[in-house]
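# Descriptive analysis of the structure
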Amino acid sequence: MSLLCNTGDWFTLGQGNAFRKIELYTMEWPGSINLEHMRVYAAPYGGPIAVVKDPKLFVKLDGGASTRPIIRIFNCVGKLLSSINWDCGNLVTLGWSDAEELIGVQDDGTIFLHDMFGNFVHKFSVGKDVTDVADARIFTSASGTGVAVMTSGFKIYILNNIKDPKSRPLSELLNLTSSLTCWEMVCKDRTTSCLLASGNEITLVRHGDNAFTNTTPAMRHDYQSISLLAVSFDHEHVALLTNTGCLWMGSWDLKRKYCEFATGRQEQANQLVWCIDGSTGPDGQAVIVCYAHLLLVVGASGESSVYTYDTPVALIAEMDCVRVLTNYCHELVQRVPPSTSKIFGINISEPASFLFEAHRKFRDRSHQSDEYLCLIQHRLPAAVADCVQAAGHEFDPSTQKCLIQAAYFGKSFLSGYDCTDYITMCRTLKVLNVLRDRNVGIPITIQQFNHLQPVVILDRLVFRKYYGLAIHIAKYLKLQETRILEHWAFQKITHEKNDDEVARKIAAKFSSAGLREPMSYANVADKAQQIGKTKLAITLLEMETKKKLQVPLLLKLGACEKALIAATQSGDIDLIYMAILEMKNTTALAKFHMTIRRYPLAQNLYKKYCQLNSLSTLKDIHSQEDDFLSQAELALREALQLGNLDASIPDISGNYRKAGKPVEADLADETKKLIRHQKLLQDKYQKDFFGLALHAMVRKLLQLGDQRYAEKLKSEFRMSDRRFWWLRVQTYADNYQWEELEKLGRAKKSAIGYEPFVEVCLAKQNVTEAKKYLPRCGEETKLKWYLRAG
């Protein structure tokens, strides 16, 4: 069927390869901008556009105008974002990083990074030996954004990642001369290579290569040199234009030729750019040759199409299209997506086309709608899917709406249809239309949107300071808003002067965000500290709920007491020790002790720390606090460890009395007397009595036969009769002194009864001695002991 709708700007380049040109915006350039005198450096994915006067052109200057370059940065609508007065060295080239930072390369080898608002970010040098840069290339490598520079001596140095600038020479064996006409960088298989055109030969050089292969592209037309080289966005294809106007298209390694095309134009082309659709095959690709006021689009099949313009043209390569920039408009050239071609193509009989027409007839209340549906009854799911996909590739909202409505109409006739793709496309289109609005000016395709992912899109909106829009999109797509709010807070901190007002605004915004988890203030406070706003950082940290983030930053800011308070409130011992030790190292000792006394938990933990690491400090603390009990216990523990108990007893006893512990004080005094007896006995018997308890000393004296001294200790230390009798009975039995045991039993009435006498005799298996005491056992236990004695 034939459906002539939305195909006015389509053109074909070979069988089945339709391309189209879409107008994105009319430009709002300032009156001073004329691309004829300018060099244009645009970031991909609808990024900002840097414009600077072409230094090779002679342009009349107004009175008082500076000869130094002025870099103007615009969005895709031509709205001025910022200006940079380049007052450094001579500028060689400009470009954009994957983070949309402007890269400026100077002839002295210095590389500058600015954000899109002209703020300086960072600078570094290619190398100490690189001081005479003649040309440079900014490219996308496997590890990030790379820069390659060529010196006036034709030496090439490569940095694969500007975030980690480590330059390396391309090859010491490479010997280039002034016959070099053009060069480009190629990144394949995580390897950076360089294509160098010299005369009619091209050399492909990789880092570390010891041998190079010179390739002469096979052409039917004679030529002397290659004037332009172009590598596709995905680094899969290469195109070259000769001095005679012959275009060659082939694979990146020059081993496969797609086609050769004679342009028939002898003038020098300005740009050579690949227009690819994201597929790796060459069939659907094209190359655009840009002349002063003309675009020549050449397909891989060798067919071409021409567009003429009244103004100069600049081309911007994208992953799935090419953007065309003029003084008046901003356009897009791309291969017509297959799903769109199935609906709007000429003489198309695809299910999606019938579904679209069926829906149109349905809106017109025509019975033909049912006839179209009957034609695609078994292919309706594929038709619905094509309509959904085609809607994503359209830039016109009304066309999107028609396609989505057709898909909605078709899926109503399907049972068990999975609506996931349909709902996702509706959400994505709503976001894309907002991004493409001229007030935002980010004209990305759905393929670019899916490649970048919504998180990166949100980051780019944040960098452009569209915070409200970014938050609405994040909520709509159910993504986290924390990074957006943090970046907004960073801007507030950086640009507003009233710290109290900034803190109030940030707290109000964070509390009203409605997040599932409270916003963290730690990163914002850290940013405030970095720019020197310490007071603001402390104020923000006091609102932080996560103590593990709050305490280290408070310590870093010097607010040790606030950190100690936060740590004690958390109850985390590690945090408390962190705060205590940092405070001890950074505060005068007297002030530290006075401060920590106000926080019992922290003080107790500090005492525990001192007990393990510094007893002298612990003594000082107890002394300052008049903690006599702790002083006594510490002195007792230390005396026991050092074996100096005798000398320390008076202080221990005195501290116990001051602490109101008379029992412990009396025990200390008795311990002193016991030690004195131990010394006397040590000297008398030359045996070790030190460290023995009273019970053990008495027993040892009884074993030595010194009953008088044992009774003296019993009397002096008020040992009970029962305990003393038990010691005597056990000692006599252990020494097999049965006669002494019998004398003890007959001397007077036993204080412990006679059962212990029987027990010790039986323990020594002396039943004969046990029989002597069995009759004297108590009536209630006599039977028991008779049985045990047998």
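Here, the structure is the one placed above.
Below is a summary of the structure that appears in this document. This is a predicted model, so every value here is computed, not measured.

## Focus on the packing of helix H5 (residues 397-411) against helix H6 (residues 420-436)
- Two numbers describe how H5 lies on H6: the axes approach to 12 Å, and their chain directions differ by 175°. Accordingly, the angle class assigned to the pair H5 and H6 is roughly antiparallel. When H5 is examined against H6, the residues Pro397, Gln400, Ile404, Ala407, Tyr408 and Lys411 are found in contact with a partner set consisting of Tyr422, Met425, Cys426, Leu429, Asn433 and Arg436.
- Class assignment for the residues of the contact of H5 with H6 results in 8 nonpolar, 2 polar and 2 charged.

## Describing the pairing of strand E19 (residues 226-231)
- Taken across its 6 residues, E19 has 6 buried, putting it largely inside the fold.
- Summarising the sheet, E19 and strand E20 (residues 237-242) pair through 5 bridges and their orientation is antiparallel. Of the residues in E20, the one forming a bridge with valine 231 is valine 238.
- With antiparallel pairing between neighbouring strands as the criterion, E19 and E20 make up a hairpin whose turn holds 5 residues, including histidine 235 at a positive phi of roughly 60°.

## Concerning the nonpolar core
- Membership of the largest hydrophobic core comes to 93 residues, with the highest contact counts inside it found for Leu355, Leu435, Ile506 and Leu540.
- With 7 residues, the top contributor of residues to this core is helix H4 (residues 380-393).
- For this core, the two domains that each supply at least three residues are domain 1 (10-19 + 170-336) and domain 2 (480-545).
- Contacts of isoleucine 506, omitting those with residues within four sequence positions, involve Trp488, Ala489, Ile493, Tyr521, Val524 and Leu540.

## Remarks on the sheet that holds strand E21 (residues 246-251)
- Taking strand neighbours across the sheet as the criterion, the 4 strands line up as E19-E20-E21-E22 in an open arrangement whose pairing is antiparallel. The strands lining the two open edges of the sheet, one partner per strand, are E19 and strand E22 (257-262). Pairs of neighbouring strands in the sheet enclose a mean axial angle of 15°, with direction left out of account.

## Focus: the packing of H6 against helix H9 (residues 467-476)
- One can describe the packing of H6 onto H9 by two numbers: an axis separation of 11 Å at closest approach and a directional angle of 175°. The orientation of H6 with respect to H9, classified from their angle, is roughly antiparallel. Packed against H6, whose contacting residues are Cys426, Arg427, Lys430, Val431, Val434 and Leu435, the element H9 presents Leu469, Ile473 and Tyr476 at the interface.
- Grouping the constituent residues of the contact of H6 with H9 by class yields 7 nonpolar, no polar and 2 charged.

## Considering the pattern of salt bridges
- Inspection of every chain in the model, using the stated rule, returns 24 salt bridges.
- Linked through salt bridges whose partners overlap, the residues forming this network are Glu100, Arg460 and Arg464.

## Topic: helix H14 (residues 547-556)
- Restricting attention to buried positions, one finds in H14 the residues Gln550, Val551, Leu553, Leu554 and Leu555.
- Summarising the contacts, the buried residues of H14 are in contact with helix H12 (522-530), helix H13 (534-541), helix H15 (560-570) and helix H16 (573-586).
- Glycine 558, located one to two residues past H14, shows a positive phi value of around 90°.

## Overview of H12
- Listed as buried for H12 are Ala522, Val524, Ala525 and Ala528. Seen end-on, H12 carries its buried residues on one side only, within an arc spanning 160°.
- On the buried face of H12, the contacting elements are helix H10 (482-495), helix H11 (499-511), H13 and H14.
- Directly beyond the C-terminal end of H12, a positive phi value near 90° is found at glycine 532.

## Focus: the sheet that holds strand E2 (residues 18-26)
- The strand order across the open sheet built from 5 strands is E1-E2-E29-E28-E27, with neighbouring strands paired in antiparallel fashion. Because the sheet does not close on itself, it has two edges, and the strands there are strand E1 (10-12) and strand E27 (314-317). Looking at each pair of strands side by side, their axes are set apart by 25° on average, direction ignored.

## Regarding the side chain of histidine 359
- For histidine 359, the position within the fold is in helix H2 (residues 351-363).
- Judged by its relative accessible area of 7%, histidine 359 falls in the buried class.
- When neighbours within four sequence positions are excluded, histidine 359 is seen to be in contact with Cys402, Gln405, Ala406 and Phe409.

## Let's talk about the packing of aromatic side chains
- This structure, assessed with the given rule, holds 13 aromatic pairs.
- When the ring of phenylalanine 344 is compared with that of phenylalanine 356, the centres are 5.4 Å apart and the planes differ by 80°; the resulting orientation is edge-to-face. Of this pair, phenylalanine 344 sits in helix H1 (residues 338-344) while phenylalanine 356 is found in helix H2, placing the two residues 12 residues apart along the sequence.
- Aromatic side chains phenylalanine 409 and phenylalanine 413 sit 5.2 Å apart centroid to centroid with 80° between the ring planes, which places their arrangement in the edge-to-face category.
- For phenylalanine 409, a relative accessible area of 9% corresponds to the buried category.
- Taken together through their ring pairs, the aromatic side chains of Phe11, Phe19 and Tyr307 make up a single cluster.
- The ring of tyrosine 476 carries the charged tip of arginine 427 above its face, separated from the ring centre by 4.9 Å.
- Sitting above the plane of the phenylalanine 395 ring, arginine 436 keeps its charged end 3.9 Å from the centroid.

Conventions and cut-offs
Residues numbered from 1 in each chain as written. Predicted model: local features only at pLDDT ≥ 70, side-chain atom pairs only at ≥ 80, totals over all residues. Heavy atoms only, no water. Axes fitted to C-alpha atoms, helices over the stretch in contact; angles between N-to-C directions. Helix = DSSP H or I, 4+ residues; strand = E, 2+ residues; numbered from the N terminus. Parallel < 35°, antiparallel > 145°, perpendicular 65-115°, else oblique. Contact = heavy atoms within 4.5 Å. Nonpolar A, V, L, I, M, F, W, Y, C, P; charged D, E, K, R; others polar. Buried < 20%, exposed > 50% of the residue type's maximum accessible area, 1.4 Å probe, protein only. Pairing = 2+ DSSP bridges. Core = buried A, V, L, I, M, F, W, Y, C linked by side-chain atoms within 4.5 Å. Domains from an automatic or database assignment. Salt bridge = Lys/Arg side-chain N within 4 Å of Asp/Glu carboxyl O. Arc of directions from axis to C-beta. Phe/Tyr/Trp six-rings, centres within 6.5 Å; stacked < 30°, edge-to-face > 60°. Lys NZ or Arg CZ within 6 Å of the ring centre and 35° of its normal.

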